[in-house]
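A closer look at the structure
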There are 2 protein chains.
Amino acid sequence: MIMARPQKYQREKVIDAAQALFWQKGYQATSVVDLQSATELKPGSLYKAFGNKDGLLQAVLENYSNNTLLFIDSLTEKHSSVMAVLEVFLNRQIDRSCEKDAEGCLLVNSLLELQGYKPQLETEVKQQLLRVQVRFAQLIEQGIKSGELSDKMDASGKATAIMTVVWGLSVMSRMSPNKTHLQTFCDDFLATMSS
Amino acid sequence: MIMARPQKYQREKVIDAAQALFWQKGYQATSVVDLQSATELKPGSLYKAFGNKDGLLQAVLENYSNNTLLFIDSLTEKHSSVMAVLEVFLNRQIDRSCEKDAEGCLLVNSLLELQGYKPQLETEVKQQLLRVQVRFAQLIEQGIKSGELSDKMDASGKATAIMTVVWGLSVMSRMSPNKTHLQTFCDDFLATMSS
DNA sequence: TATTTTATTGAGTGATCATTCAATAACTTT
DNA sequence: AAAGTTATTGAATGATCACTCAATAAAATA
């Protein structure tokens, strides 16, 4: 393999910097000039690496949802009970929602911003969100089989419920919510899932 | 009062047309040219009437949240029990979320799109969302006093919970959700509120 | 060292954006 | 009917946008 003139920049760092910007300001409000400053990439390099602004967002979204899946997996390894995993995950969402300048979930933000405007990116975001939902469904399936979770609703239904709560928290994070209120809400919700 | 050259257009119709556009495409993706076509207003008239694009969105948001409050009030008049009001409201949210090209809640969409980009409009959106949340808190307060709702959590906490669910449904509406799953989720949620 | 290959550079491009304003038209008042 | 008032009109403006590309620089190979 011929390799003349290797890349000076680190792809990971570039994606992280871009992610921070897209998360703070959203897709449209983030100009390519902003991205050039944050990533310290000249326009030509940026377009060489990611095609265009859409391609950069796509790389960011993949990175973001990969991290989410990795986090779920790490919780699954750490805790033996499925309920514990759900509880810890929700509590982290609550903590994030109550931070001072909480920005919610990048995937949710992107989904709502890009609806009916960038169909291709919208599809991409939906797929990433579905990946997370499916991972939860798999986890819950185990919990139902082991008898830990009730079998009143199937795993798919329970996963839908949990995603609705998580995404609700993501929106709520923009409203300076009361932490105790959210905790009580999530406790009650989790109670409806266990057997 | 001197009135030479009265307005040719109807302010309500203009706001409705603008609302439809903002709802479909979001604030940034809706160009002033789009708004001119939809409202059949020339740029000068539009700016005379609303100041600028932000002013038009503000008028739309006020109109939107007024309608939401009116809807809650109409349910309150129609049903004697608070639980019935909450149930009907949530069921309408579910129905909307499962429509073919569901667009979620305009206020939620706007909140997430404008975060960290248009602080003034963001504040406006938060206020409109809070108006709705407060109206629910007042309604729930009655339900607690009458003993219909449990007093385990105060009215403010219960209102936070319900808004989290409603906003979660608003996001979920973009994901072609399963109606039965949402209904079961909301039934279980309402059960945690009653005494 | 000379050649080849490829990433980097950054000024430049055309399109689109929100917004303005002087001219005009329509309605009321006198 | 004339004068006065104000909404309407639409071409024009300047700014910003995402994006391009020919020139250049740096590393690997011969």
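As shown above, the structure is provided for reference.
My aim in this report is to walk through the structure given alongside it, one point at a time. (Residues numbered from 1 in each chain as written. Chains lettered and ligands numbered in written order. Predicted model: local features only at pLDDT ≥ 70, side-chain atom pairs only at ≥ 80, totals over all residues. Heavy atoms only, no water.)

1. What about the pattern of salt bridges?
In this structure the tally under the stated criterion is 16 salt bridges over all chains. We note a salt bridge from K152 of chain A to D188 of chain B, for which the minimum N-O separation is 3.1 Å. Of this pair, K152 of chain A sits in the loop between α7 (119-145) and α8 (155-172) while D188 of chain B is found in helix α9 (residues 179-193), placing the two residues in two different chains. Connected through salt bridges with shared partners, the residues E122 and K126 of chain A together with R174 of chain B form a single ionic network. (Salt bridge = Lys/Arg side-chain N within 4 Å of Asp/Glu carboxyl O. Helix = DSSP H or I, 4+ residues; strand = E, 2+ residues; numbered from the N terminus.)

2. So, the interface of chain A and chain B
The extent of an interface is frequently quoted as the accessible surface area lost upon association of the parts. With 42 residues of chain A at the interface, the matching set in chain B holds 42 residues. Taking both sides of the interface into account, the surface hidden between chain A and chain B amounts to around 3,800 Å²; carbon and sulfur atoms contribute 68%. On the chain A side of the contact with chain B, Q115, R174 and M175 of chain A bury the most area, a combined 18% of that side's loss. Inspection of the chain A/chain B interface yields four salt bridges. With its nearest N and O atoms 2.6 Å apart, the salt bridge here joins R174 of chain A to E122 of chain B. Counting across the interface, chain A meets chain B through ten residue pairs in polar contact (both at pLDDT 80 or more). By residue number, the principal contributor to the side of chain A that touches chain B is α8 of chain A, which donates twelve residues. Taken together, the residues of the side of chain A that touches chain B sort by class into 20 nonpolar, 13 polar and nine charged. (Contact = heavy atoms within 4.5 Å. Buried area = accessible area lost by both parts, 1.4 Å probe. Polar contact = N/O pair within 3.5 Å; in protein donor to acceptor, adjacent residues only side chain to side chain. Nonpolar A, V, L, I, M, F, W, Y, C, P; charged D, E, K, R; others polar.)

3. Quick word on the relation of the copies chain A and chain B
With an RMSD of 0.0 Å, chain A superimposes on chain B once it is rotated by 180 degrees and translated 0.0 Å along the axis. In short, the pair behaves as if placed about a two-fold rotation axis. When each C-alpha of chain A is compared by its distance to the rotation axis, G168 of chain A comes out closest, at 1.8 Å. Comparing interface residues between copies, 100% of those in chain A also sit at the interface in chain B, which points to an isologous, same-surface contact. (Least-squares fit on C-alpha atoms with pLDDT ≥ 70 in both.)

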